Amino acid sequence: YYTRDAEGPDGTPDSIPDKYQITITYVAESNGAYGTVEGTTEEFHTVAEITRDPDNQTIIKVEETPAAPEAKVTPQPADGYKFVNWTSGTDSYPDTAAIQKLEIRQDTTFIAHFTEKANVNILYQATKGGSVTTKEEHPAPATGTVQGSTAKADDGYRFTGWTDQNGKAVAD
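Nothing here was measured: the structure is a model prediction, and the numbers come from that model. (Residues numbered from 1 in each chain as written. Predicted model: local features only at pLDDT ≥ 70, side-chain atom pairs only at ≥ 80, totals over all residues. Heavy atoms only, no water.)

Here we come to the layout of surface pockets. With a probe scaled to a water molecule rolled over the atoms, the places where space remains empty come into view. Estimated volume of the largest pocket: approximately 640 Å³. If you trace the largest pocket, you find 25 residues lining it, with Q125, A126, G161, W162 and T163 closest to the centre. Going through the elements one at a time, β10 (122–123), β11 (130–132), β13 (151–153), β14 (162–163) and β15 (169–171) are the ones with two or more residues in the lining of the largest pocket. A per-class count over the lining of the largest pocket returns 12 nonpolar, nine polar and four charged. (1 Å grid on protein atoms, 1.4 Å probe; cavity = no way out; pocket = protein on both sides within 12 Å on 5 of 7 lines; lining within 4 Å. Points joined across faces, edges and corners; volume = space filled by probe spheres on them. Helix = DSSP H or I, 4+ residues; strand = E, 2+ residues; numbered from the N terminus. Nonpolar A, V, L, I, M, F, W, Y, C, P; charged D, E, K, R; others polar.)

With respect to the element layout, T163 can be found in strand β14. Taking relative accessible area as the criterion, T163 reaches 47% and is therefore assigned partly exposed. Residues T163 and Y124, 39 residues apart in the sequence, show an inter-C-alpha distance of 9.7 Å. Those residues in contact with T163, other than ones at most four positions away along the chain, are K168, A169 and V170. (Buried < 20%, exposed > 50% of the residue type's maximum accessible area, 1.4 Å probe, protein only. Contact = heavy atoms within 4.5 Å.)

Pairing analysis gives five bridges linking strand β4 (residues 48–52) to strand β5 (residues 59–64), with the strands arranged antiparallel. Across the sheet, residue I50 finds its bridge partner in β5, namely V62. Between β4 and β5, which pair antiparallel and follow one another directly, the connecting turn spans six residues, one of which, Q57, has a positive phi of 65°. (Pairing = 2+ DSSP bridges.)

Summed over all chains, the structure comprises four salt bridges. A salt bridge links R105 to E64, with the shortest nitrogen-to-oxygen separation between them at 2.6 Å. Of this pair, R105 sits in the loop between α1 (96–100) and β9 (108–116) while E64 sits in strand β5, and the two are 41 residues apart along the sequence. By relative accessible area, which is 44% here, R105 ends up partly exposed. Among the residues examined, E64 registers a relative accessible area of 52% and is labelled exposed. Taken together, the shared-partner salt bridges connect E64, E103 and R105 into one network. (Salt bridge = Lys/Arg side-chain N within 4 Å of Asp/Glu carboxyl O.)

Structure follows, in structure tokens:
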């Protein structure tokens, strides 16, 4: 009897029946909308030790050997996001070190999850001789919208521009 060998690490037959090989894949949630995965995002493993007859090369013994994921990947959050964890099915893993400790016997996909960072604090303060229309706001770093504030000069004063907490000019 024969077993199919159509797939190998480079997409071509490799003399190992396909039923003894698995693929481990690493992807970012939502097609990369919140971050990406860099590195080796697909691993190909043989999950059996195959013994062949030395005369005719037929398989005479198969011993199951689970795959140990290499997990040579790094989650890269998009601006305003941070990495949370990896999941596969209902299981969750805090980092690639936890994935590397697994023994895998079937095709598996690990999904990198991201969440938006904490809201940013923007404070608007007027110096002597002026006021601001909005004193503070707290937009989300990736999805929030900054409303801004309007500076108003008192009589006899003029507005000279916005500065950060260190006195560096940031806007006129």
